[in-house]
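Descriptive analysis of the structure
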Amino acid sequence: MRISIFGMGYVGAVCAACLADRGHTVIGVDISQTKIDLINSGRSPIVEPGLGDLLDKGVRSGRITATSDTAYAVHNSDLSMVCVGTPSKKNGDLDLHFVQTVVAEIGAALRDKSQWHTVVIRSTVLPGTIRDVVLPLLEDTSHKRAGREFGLAVNPEFLRESTAIADYNDPPMTVIGEWDEASGDQLAELYASLAAPIIRKPIEVAEMVKYTCNAWHATKIAFANEIGNISKELGVDGRDVMEVICQDHKLNLSSYYLKPGYAFGGSCLPKDVRALNYCATQVDALHPLIGSLMQSNELHVKRAFDLVTSFGDRRVGMLGLSFKAQTDDLRESPLVELAEMLIGKGYELSIFDENIEYAKVHGANREYINSKIPHISSLLNPDLDEVIESSEVLIVGQRDQHFEKVLNGARGDRKVVDLIGMMPHASTPEMQGICW
């Protein structure tokens, strides 16, 4: 392909070199004459291992040139990648000045171009930036419509400085956020030779993915550091602790606990998080991240309560009561906490949980049910259909195949709050997911 790349910094220069190395023709665009001269002479404008050699190879082969002329770059390429910086403002928001300037110039160049051209944003931008800023600016300056007369996509990068070339050639995934299918097809073709899954999503999902990845990486670093701090104060080598943690790929390093849903509960997580918080406080080890976990969990229960009560209906059915499906364990169940909140506010509550029904008569938790939550256990109803039919709002609190009919065949006048992600679509006015 013929590709123009706007911004010859860490991302743009690496992309230019790697794309040219794979046989594409690349025009680098920048406002800095110093960068332009360096690239045209086959030298790297930044310090990055191996980049100078790749750029020199691309220039000597005729596959890489650099210019400050936006119109020339757009008219002599099929696809433009925007790789300019998005620095922070003092208030933490993004400064989109460079993105807006480049996008306006690309749009003006597209006005006089009759062939299809795809604009790809690789700069890191917050969800909504493409729809609210980039798209209107491109259409206003080009006098054309996205998806009809030019293409538009988001292609977040996952390049780490000092290993950027290796990261480009061996990525964990390639994420494409597409405004139109043709743009997605073009980018998928561009990355087809990379040995990594190509994931095509709506624009806003792709925008959010990059921030989620970086926030997750920051969380892991902060978590490991706090564990190290606490461990050291207890006379334990935190490196040994985290080395063991990282050997568990079934739970610790997996997708198991990384699905949006309801609050955590049960006999282990809340108790052990509180104990670790107490221990850290006793040894004066600062732990703001770990110390915030219980507060975050409590806020999530409150979020579920607010969703249920936002409908204004008083008859509520709860499907599930134990802290997770296929168990009768009610200890620190966030569903019990939600039931307590609803009862306290005078809601008429009916609960179905066949495992708790069994435990009331036969299980080891019978004493707990009768002594700790008799006011809740009295609201249990063994008839699922009756709970469904008598309720104006249904809370799906556990993943159970019997509850699918609630999501697939709910009456139009009945509201649903899905806490576990069983609904096949995002939220609607009558059917609310807690995180979707």
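Conventions adopted
Residues numbered from 1 in each chain as written. Predicted model: local features only at pLDDT ≥ 70, side-chain atom pairs only at ≥ 80, totals over all residues. Heavy atoms only, no water. UniProt positions renumbered as here; feature names shortened; annotations may be inferred. Helix = DSSP H or I, 4+ residues; strand = E, 2+ residues; numbered from the N terminus. Buried < 20%, exposed > 50% of the residue type's maximum accessible area, 1.4 Å probe, protein only. 1 Å grid on protein atoms, 1.4 Å probe; cavity = no way out; pocket = protein on both sides within 12 Å on 5 of 7 lines; lining within 4 Å. Points joined across faces, edges and corners; volume = space filled by probe spheres on them. Nonpolar A, V, L, I, M, F, W, Y, C, P; charged D, E, K, R; others polar. Salt bridge = Lys/Arg side-chain N within 4 Å of Asp/Glu carboxyl O. Phe/Tyr/Trp six-rings, centres within 6.5 Å; stacked < 30°, edge-to-face > 60°. Expected span 1.5 Å × (residues − 1). Pairing = 2+ DSSP bridges. Axes fitted to C-alpha atoms, helices over the stretch in contact; angles between N-to-C directions. Contact = heavy atoms within 4.5 Å.

- The name recorded for the protein chain in an unreviewed UniProt entry is GDP-mannose 6-dehydrogenase, from Dyella soli.
- Turning to the protein chain, the UniProt annotation filed under Pathway (unreviewed entry) states: "Glycan biosynthesis; alginate biosynthesis."
- Of the protein chain, the UniProt comment under Catalytic activity (unreviewed entry) reads exactly: "GDP-alpha-D-mannose + 2 NAD(+) + H2O = GDP-alpha-D-mannuronate + 2 NADH + 3 H(+)".

**Here we look at the environment of Lys259**
- With respect to the helices, strands and loops of the structure, Lys259 is situated in the loop between α10 (238–245) and α11 (269–282).
- Since its relative accessible area comes to 57%, Lys259 is described here as exposed.

**Quick word on empty space enclosed by the protein**
- Applying the stated rule across the entire model yields three cavities of 30 Å³ or more.
- Considered as a void within the structure, the largest cavity measures approximately 110 Å³ in volume.
- Forming the walls of the largest cavity are 14 residues, and the residues nearest its centre are Arg122, Phe158, Pro171, Met173 and Thr174.
- Going through the elements one at a time, α7 (164–169) and β7 (174–178) are the ones with two or more residues in the lining of the largest cavity.
- The residue makeup of the lining of the largest cavity, split by class, is nine nonpolar, two polar and three charged.
- By volume, the second largest cavity is sized at about 50 Å³.
- If you go around the second largest cavity, the residues you meet are Ile121, Arg122, Ser123, Thr124, Val125, Val154, Pro156, Ala206, Glu207 and Lys210.
- The element best represented in the lining of the second largest cavity is helix α9 (residues 203–233), accounting for three residues.

**A few points about the pattern of salt bridges**
- Tallying each qualifying case throughout the model produces 18 salt bridges.
- The partner of Asp21 in a salt bridge is Lys57, with the nearest N and O atoms 2.8 Å apart. Placement of the pair is Asp21 in helix α1 (residues 10–21) and Lys57 in helix α3 (residues 51–61), with a sequence separation of 36 residues.
- Of the residues examined, Asp21 reaches a relative accessible area of 36% and is grouped as partly exposed.
- For the salt bridge of Lys302 with Asp306, the shortest nitrogen-to-oxygen distance reads 3.0 Å. Here the residue Lys302 and the residue Asp306 both occupy positions in helix α13 (residues 293–309), the gap between them amounting to four residues, near one helical turn.
- Relative accessible area serves as the criterion here: at 38%, Lys302 is assigned to the partly exposed category.
- Shared partners join several salt bridges into a network, and the residues in it are Glu178, Asp185 and Arg200.

**Focus: the layout of surface pockets**
- A volume near 690 Å³ is recorded for the second largest pocket.
- Taken together, 30 residues form the lining of the second largest pocket, with Gly7, Gly9, Cys83, Val84 and Gly85 sitting closest to its centre.
- Contributions of two or more residues to the lining of the second largest pocket are made by α1 and α5 (97–110).
- If one sorts the elements of the lining of the second largest pocket by residue count, α5 sits on top with four residues.

**Here we look at the packing of aromatic side chains**
- Tallied over the full model, the rule gives two aromatic pairs.
- Their ring planes at 85 degrees and their centres at 4.8 Å tell us that Tyr256 and Tyr257 sit as a pair that is edge-to-face.
- Judged by its relative accessible area of 48%, Tyr256 falls in the partly exposed class.
- The class of Tyr257 is exposed, set by a relative accessible area of 55%.
- Centroid distance Phe352 to Phe403: 6.2 Å. Interplanar angle 80 degrees. Geometry classified as edge-to-face. You can see Phe352 sitting in strand β10 (residues 348–352) and its partner Phe403 sitting in the loop between β11 (393–396) and α19 (404–408), a full 51 residues away along the chain.
- By relative accessible area, which is 8% here, Phe352 ends up buried.

**With respect to α9**
- With 31 residues, α9 ought to run about 45 Å at 1.5 Å a step, and its terminal C-alpha atoms sit 46 Å apart, in line with that.
- Residues of α9 that are buried: Ile203, Ala206, Glu207, Lys210, Cys213, Glu226, Ile227, Ile230 and Ser231.
- With its phi angle positive at about 80 degrees, Gly235 sits one or two positions after the end of α9.

**Some remarks on the sheet that holds strand β5 (residues 118–121)**
- Spatial strand order, β3-β2-β1-β4-β5-β6-β7-β8: eight strands in an open sheet with mixed pairing. The open sheet has two edge strands with one neighbour each: β3 (64–67) and β8 (198–201). Looking at each pair of strands side by side, their axes are set apart by 25 degrees on average, direction ignored.
- When β7 meets β8, the two strands line up parallel, connected through four bridges. Residue pairing across strands places Thr174 opposite Ile198, the latter belonging to β8.
- This element, α1, spans β1 (2–6), β2 (25–29), β3 and β4 (79–82) of the sheet and lies at about 165 degrees to β1.

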